[in-house]
Amino acid sequence: MSTRRWPQIAMVFLLVCACLMTPEASLASSPYSWATYYAPKRTTAITIDGDLSDWESVRGFKMDQEKFFFVGQGMSSKSWGGPRDLSATFKVVWDEQYIYVAVHVVDDKVNEPFGSLASGMDTGSWDDDGVELMFDNDGSNMSHYYIGDPMHHEFHFVYSANHPLVFDNFWKYQEGAPQPMFALPNGEKEPLAFANEVMAKHEITRVFANPPYNGAFAFRRTADGYNLELRMSLPGALMKPLHDSGRFIGFDIAINDNDEGKGPLKQQLHWSGMNDLYWRDCSFFGKLILY
Ligand SMILES: [Ca+2]
Ligand SMILES: [Ca+2]
Ligand SMILES: [Ca+2]
């Protein structure tokens, strides 16, 4: 064992101690053992331009196996053509103001959006090539979140070479509304959301730079797919290390793959919420731990 590893070992020990001492950390969270990401504090400047060379020193999490595929809504890993068809590596860093996320998506056929641009609810950003980010800023574990909530999110970042788009949350509370269902090609239906909820597209591209997001994002096409690089505020999150009276942030990420440029998604990678309605219920998010 190299002595150069001792600082890392000491850090892991401190994090384990912090987890044991923090009541919130013992609440329900992802059922998947891999869904904890330790985000280091930013040590260098990050330019939001889609060029990820400013992230080289940050350790990423790679999703390139069948176990990361969402099963539901007619999707699974059965059409997967291997890592060059779809795989991804994400990285997260932070400072007192912002969370920063970098994603390198490997996708053999990168399409311009169509679903995001269509009116109506039959197709949407969920059908286009892009990245979804879920945040439970304050680690609330709340089971439902809605449009207008500044602290609990389902963002969709939709790839485009010329006019990339951002959406934030898709559901509104409506007393008495029947549970929205997803119709499978074989006629069967499965839950798409909870009872008393109705769907709405909530595009925030033009206001993403404003509060509460204070965001910036950029896509860049690569030889094997595309990059997404972004930063934003997380209101309600404690932007300090877990071992220094911080708190974990609920986090999940999904990668959407449409290889036809039309119709429903071919497949989706999902870090934690690959079952049922897990992406709607913050208690099934993974953990983002700042250190
Ligand atoms: Ca950059
Ligand atoms: Ca693909
Ligand atoms: Ca694609």
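## A short note on the overall build of the protein
Right, on to step 1. When helices and strands are counted, the protein shows one helix and 16 strands.
Right, on to step 2. The C-alpha atoms of the protein give a radius of gyration of 19 Å, which matches the 19 Å a tight globule of 291 residues would have.
Right, on to step 3. Along the first, second and third principal axes, the C-alpha atoms of the protein reach 60 × 45 × 40 Å.
Right, on to step 4. Split into buried and exposed, the 291 residues of the protein put 38% on the buried side.

## What about the sheet that holds strand 3 (residues 86–94)?
Right, on to step 1. Spatially, five strands are ordered 2-3-4-13-12 in an open sheet, and the strand pairing comes out antiparallel. Lying at the two open borders of the sheet, with one neighbouring strand each, are strand 2 (61–63) and strand 12 (216–222). Taking the axes of each pair of neighbouring strands and ignoring which way they run, one obtains an average angle of 15° across the sheet.
Right, on to step 2. In the sheet, strand 4 (residues 99–107) pairs with strand 13 (residues 225–232) via eight bridges, with the strands oriented antiparallel.

## Concerning unusual backbone geometry
Right, on to step 1. Cis rather than trans, the peptide bond between P211 and P212 has omega equal to 5°.
Right, on to step 2. When you line up the elements, P212 lands in the loop between strand 11 (197–199) and strand 12.
Right, on to step 3. Backbone geometry at Q73 places phi at a positive 50°, although glycine is not the residue there.
Right, on to step 4. Residue classification places Q73 among the partly exposed positions, given that 16 C-beta atoms sit within 10 Å.

## A word on the pairing of strand 15 (residues 267–270)
Regular strands place their side chains on alternate faces of the sheet.
Right, on to step 1. By the alternation rule, side chains of strand 15 split into Q267 and L269 and Q268 and H270, which are all buried.
Right, on to step 2. As defined by bridge partners, strand 14 (residues 249–257) adjoins strand 15 across four bridges and the pair is classed as antiparallel. Pairing of D257 across the sheet is with Q267, part of strand 15.

## Things to note about the confidence of the model for the protein
Right, on to step 1. Put simply, the protein has an average pLDDT of 91, and 90% of its residues get 70 or more.
Right, on to step 2. Predicted confidence is poor over residues 17–26, with pLDDT under 50, and the contacts of this stretch with residues over four places away or in other chains come to eight contacts.

## Thoughts on the environment of P113
Right, on to step 1. With respect to the element layout, P113 can be found in the loop between strand 4 and strand 5 (130–136).
Right, on to step 2. Taking the C-alpha atoms as reference, P113 lies 23 Å from W271; in sequence the two are 158 residues apart.
Right, on to step 3. The contacts of P113, once residues within four sequence positions are left out, are D128, V158, S160 and L165.

## Brief notes about the pairing of strand 7 (residues 165–168)
Right, on to step 1. Burial along strand 7 is two-sided: the residues L165 and F167 and V166 and D168 are all buried.
Right, on to step 2. Taken together, the four bridges between strand 6 (residues 152–158) and strand 7 define a ladder with antiparallel strand orientation. Bridging across to strand 7, V158 finds its partner in L165.

## Quick word on the nonpolar core
Right, on to step 1. Core analysis: the largest hydrophobic core is formed by 66 residues, its most contacted members being V92 and V101.
Right, on to step 2. Sorting elements by how many residues they give to this core places strand 4 first, with seven residues.
Right, on to step 3. The residues touching V92, leaving out its near neighbours within four places in the chain, are Y37, A39, I99, Y100, V101 and L288.

Thresholds, definitions, all that
Residues numbered from 1 in each chain as written. Chains lettered and ligands numbered in written order. Predicted model: local features only at pLDDT ≥ 70, side-chain atom pairs only at ≥ 80, totals over all residues. Helix = DSSP H or I, 4+ residues; strand = E, 2+ residues; numbered from the N terminus. Rg over C-alpha atoms; globule rule 2.2 N^0.38 Å. Buried ≥ 20, exposed ≤ 12 C-beta atoms within 10 Å, placed from the backbone. Pairing = 2+ DSSP bridges. Axes fitted to C-alpha atoms, helices over the stretch in contact; angles between N-to-C directions. pLDDT = per-residue confidence, 0-100. Contact = placed C-beta atoms within 7 Å. Core = buried A, V, L, I, M, F, W, Y, C linked by C-beta atoms within 7 Å.

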